[in-house]
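Each chain, letter by letter, is given below.
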Amino acid sequence: MTRALFIIDVQNDFTEGGALGVDGGAAVAAGVSALLAQHPLAYKYVFASRDWHDIGNDNGGHFARDAAPDYAATWPVHCVAGTAGAEYHKALTTDAVTFHIRKGQGKPAYSIFEGTTEAGQTVGALLSEHGVTDVDIVGLATDYCVRASTLDALEHGQHVRVLTDLVAGVAAESTATALAEMAHAGAVFAASDAVE
């Protein structure tokens, strides 16, 4: 068994005070850092994704430029490449990250599987190349990018565990729906103290 950790979008724009800040986002950042510090050998590989949207365009209709965002398909401008909002939250320690994944470059993207490394490698190819069989998932937001990444990891054949104390959602109702969908698809839920 080879286990990897997916850290989904723990960025300034998705934490408190950001363009699309989620309550509890900063706590998730600190909690993920604590997990990695306490269990340095738990994960052979650590993947960290970031929204990395183009500046100066609507990123394939993802940004609401000419009308109010509907918060389903269109969103306020966020996580623009090279801006402070796109950077990892300061409480997230990234020393252990093996692969930095950028997604949403010019188009909408929710799942980590829609992104690539700077060298153009896909997550699916990296998982296969390195023999990863099991993935733990943490990050933001439960009801959007965590959900999409979890469902894609299951589709890729991974055994997926979502660490429920290290995710945070946008809204209670959509988070509950997302968790139910992930469970139905085969994800397992656990607290981070289950990591060995």
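Residues numbered from 1 in each chain as written. Predicted model: local features only at pLDDT ≥ 70, side-chain atom pairs only at ≥ 80, totals over all residues. Heavy atoms only, no water.

**Focus on helix α4 (residues 172-185)**
When the terminal C-alpha atoms of α4 are compared, their 20 Å separation across 14 residues agrees well with the 20 Å that a helix rising 1.5 Å per residue should span. Among the residues making up α4, those that are buried are T175, A178 and M182. Down the axis of α4, the buried side of the element spans an arc of 65°, and every buried residue falls inside it. Facing away from the buried surface of α4 by more than 90 degrees, the exposed residues are A172, E173 and H184. Residues of α4 that are buried in the fold lie against α3 (142-155), β5 (159-168) and β6 (188-190). G186 sits one or two residues past α4 and shows a positive phi near 120°. (Helix = DSSP H or I, 4+ residues; strand = E, 2+ residues; numbered from the N terminus. Expected span 1.5 Å × (residues − 1). Buried < 20%, exposed > 50% of the residue type's maximum accessible area, 1.4 Å probe, protein only. Arc of directions from axis to C-beta. Contact = heavy atoms within 4.5 Å.)

**Notes on the state of the cysteines**
Taken as a whole and assessed by the stated rule, the structure comprises zero disulfides. C79 forms no disulfide, and the closest cysteine sulfur to it belongs to C145, at a distance of 8.8 Å. Here C79 falls in the buried class, since its relative accessible area comes to 0%. (Disulfide = S-S within 2.5 Å.)

**Thoughts on the side chain of S111**
Tracing the backbone through its elements, the reader meets S111 in the loop between β3 (99-103) and α2 (123-129). Among the polar contacts made by the side chain of S111, one reaches the side chain of D152 at a distance of 2.7 Å. Leaving out residues up to four positions away in the same chain, S111 has contacts with K103, A148, S149 and D152. (Polar contact = N/O pair within 3.5 Å; in protein donor to acceptor, adjacent residues only side chain to side chain.)

**Considering the packing of aromatic side chains**
Inspection of the entire model under this criterion finds six aromatic pairs. Aromatic pair W75 and Y144: ring centres 5.2 Å apart, planes at 85°, arrangement edge-to-face. Here W75 is found in the loop between β2 (45-51) and β3, whereas its partner Y144 is found in helix α3, with 69 residues between them in sequence. A residue is classified by how much of its surface remains accessible, and W75, at 8% relative accessible area, is buried. (Phe/Tyr/Trp six-rings, centres within 6.5 Å; stacked < 30°, edge-to-face > 60°.)

**Observations regarding the pattern of salt bridges**
Pairing between side chains becomes possible if they bear opposite charge and their charged atoms approach one another. Taken as a whole, this structure holds six salt bridges when the rule is applied. The closest approach of N and O atoms between R3 and D136, which form a salt bridge, is 2.8 Å. Separated by 133 residues along the polypeptide, R3 in strand β1 (residues 3-8) and D136 in strand β4 (residues 134-140) bring together distant segments of the chain. The class of R3 is buried, set by a relative accessible area of 17%. (Salt bridge = Lys/Arg side-chain N within 4 Å of Asp/Glu carboxyl O.)

**What about the pairing of β3?**
Burial along β3 is one-sided: the residues F99, I101 and K103 are buried and none of H100 and R102 is. The sheet contact formed by β2 and β3 spans five bridges and is parallel. Residue pairing in the sheet places F47 in a bridge with F99 of β3. (Pairing = 2+ DSSP bridges.)

**Description of the packing of α3 against α4**
The geometry of α3 relative to α4 is characterised by a closest axis approach of 9 Å and an angle of 5° between their N-to-C directions. Relative to α4, α3 is oriented roughly parallel. Between α3, through T142, D143, V146, R147, T150, L151 and L154, and α4, the contact on the second element is made entirely by S174, T175, A178, L179, E181, M182 and A185. (Axes fitted to C-alpha atoms, helices over the stretch in contact; angles between N-to-C directions. Parallel < 35°, antiparallel > 145°, perpendicular 65-115°, else oblique.)

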